[in-house]
Amino acid sequence: NAGVTQTPKFQVLKTGQSMTLQCAQDMNHNSMYWYRQDPGMGLRLIYYSASEGTTDKGEVPNGYNVSRLNKREFSLRLESAAPSQTSVYFCASTLAGVYNEQFFGPGTRLTVL
Amino acid sequence: GQQVMQIPQYQHVQEGEDFTTYCNSSTTLSNIQWYKQRPGGHPVFLIQLVKSGEVKKQKRLTFQFGEAKKNSSLHITATQTTDVGTYFCAGPGASGGSNYKLTFGKGTLLTVNP
């Protein structure tokens, strides 16, 4: 089992460009999450999907959209990238809810110039 | 909204010294989880505490959940260089999706001088 995979690993964008971060899990988990990590800020939740077919905003959703494509895949889209979105992005999944451990992907390091 | 605060933000120790990080919540938590992130890596789940006053041990790591379920601690005995990383606590989010969202503390970065 690969666990949680993310693509790409690194990306450099210019201000205003768009891109989609891909995430997939092979653990048959119901819930999936997108976090961003900035120095000194910990992990902040952008969006989550409690189950297939649902998505909800987290703590910092502005400037992002998500799609739960199927049970395995959860993508994060930046429509018009801004320098403030320079960050490391982690996807995570869990069987369901807050009583199960979250499994994290390796992360995508995004720089917006 | 619900906040999870961690102290200290940084801790540097000599190998063999003990280390403790503390996590405090503004609200009562149903459970708390701890994660470790190695430099350049991704967070990895360590443990979950659910019961009031619960204490769990993993080798040199001891985790405690406060009696009021509003605070928690992670204590490492006799640190080793392999303990280097950032330790995060996480609790259920504020109302509205609280069954699915975790709020993470900002983490404590531990460095160990060999």
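No experiment lies behind these values; they were computed from the predicted model shown.

Cut-offs used in this document
- Residues numbered from 1 in each chain as written.
- Chains lettered and ligands numbered in written order.
- Predicted model: local features only at pLDDT ≥ 70, side-chain atom pairs only at ≥ 80, totals over all residues.
- Heavy atoms only, no water.
- Helix = DSSP H or I, 4+ residues; strand = E, 2+ residues; numbered from the N terminus.
- Rg over C-alpha atoms; globule rule 2.2 N^0.38 Å.
- Buried < 20%, exposed > 50% of the residue type's maximum accessible area, 1.4 Å probe, protein only.
- Contact = heavy atoms within 4.5 Å.
- Buried area = accessible area lost by both parts, 1.4 Å probe.
- Salt bridge = Lys/Arg side-chain N within 4 Å of Asp/Glu carboxyl O.
- Polar contact = N/O pair within 3.5 Å; in protein donor to acceptor, adjacent residues only side chain to side chain.
- Nonpolar A, V, L, I, M, F, W, Y, C, P; charged D, E, K, R; others polar.
- 1 Å grid on protein atoms, 1.4 Å probe; cavity = no way out; pocket = protein on both sides within 12 Å on 5 of 7 lines; lining within 4 Å.
- Points joined across faces, edges and corners; volume = space filled by probe spheres on them.
- Disulfide = S-S within 2.5 Å.

Draft legend 1. How the structure looks around the overall build of chain B. Each helix and strand counted, chain B has zero helices and eleven strands in total. Along chain B, from the amino end to the carboxyl end, the secondary structure elements read β-β-β-β-β-β-β-β-β-β-β. Radius of gyration (C-alpha) of chain B: 14 Å, near the 13 Å computed for a compact globule of 114 residues. The C-alpha extent of chain B, read off along each of the three principal axes, is 45 × 30 × 20 Å. A burial count over chain B gives 45% of its 114 residues as buried.

Draft legend 2. Expanded view of the interface of chain B and chain A. Taken together, the contact pairs 24 residues of chain B with 22 residues of chain A. Around 1,900 Å² of area is buried between chain B and chain A when both sides are counted, 60% of it from carbon and sulfur atoms. Here chain B is connected to chain A by zero salt bridges. In this structure, the connection of chain B to chain A is made through nine residue pairs in polar contact (both at pLDDT 80 or more). The dominant element in the side of chain B that touches chain A, judged by the number of residues it contributes, is strand β4 (residues 32-37) of chain B, at three residues. Of the residues that constitute the side of chain B that touches chain A, the class distribution is nine nonpolar, 13 polar and two charged.

Draft legend 3. Fine view of the layout of surface pockets. Computed from the structure, the largest pocket encloses a volume of approximately 590 Å³. Forming the walls of the largest pocket are 28 residues, and the residues nearest its centre are Gln37(A), Pro39(A), Gln37(B), Gly40(B) and Thr86(B). Elements represented by at least two residues in the lining of the largest pocket include exactly β4 (31-38), β9 (87-94) and β11 (108-112) of chain A together with β9 (85-92) and β11 (108-113) of chain B. Looking at the lining of the largest pocket element by element, the count peaks at three residues for β9(B).

Draft legend 4. The arrangement of the side chain of Thr21(B) in detail. All names here are of chain B. Mapped onto the elements of the fold, Thr21 is located in strand β3 (residues 19-25). Overall, Thr21 belongs to the buried group, its relative accessible area being 0%. Within the structure, Thr21 has its side chain in polar contact with the side chain of Gln6 (distance 3.4 Å). Among the polar contacts listed, one links the side chain of Thr21 to the side chain of Thr108, at a separation of 2.8 Å. In contact with Thr21, not counting residues within four places along its chain, are Gln6, Ile7, Pro8, Trp34, Ser72, Ser73, Leu74, Tyr87 and Thr108.

Draft legend 5. Up close: the state of the cysteines. Summed over the entire model, instances satisfying the criterion amount to two disulfides over all chains. A disulfide bridge connects Cys23(A) with Cys91(A), and the sulfur atoms are separated by 1.8 Å. The sign of the -70 degrees torsion about the S-S bond sets the Cys23(A)-Cys91(A) disulfide as left-handed. Of this pair, Cys23(A) sits in strand β3 (residues 19-25) while Cys91(A) sits in strand β9, and the two are 68 residues apart along the sequence. There is no split in this pair, since Cys23(A) and Cys91(A) are both buried. Between the sulfur of Cys23(B) and that of Cys89(B) lies a disulfide, 2.0 Å long from S to S. Judged by the sign of its S-S torsion, about 75 degrees, the bond between Cys23(B) and Cys89(B) is right-handed. Note that Cys23(B) is positioned in strand β3 and Cys89(B) in strand β9, a separation of 66 residues in sequence. One exposure class covers both Cys23(B) and Cys89(B), and it is buried.

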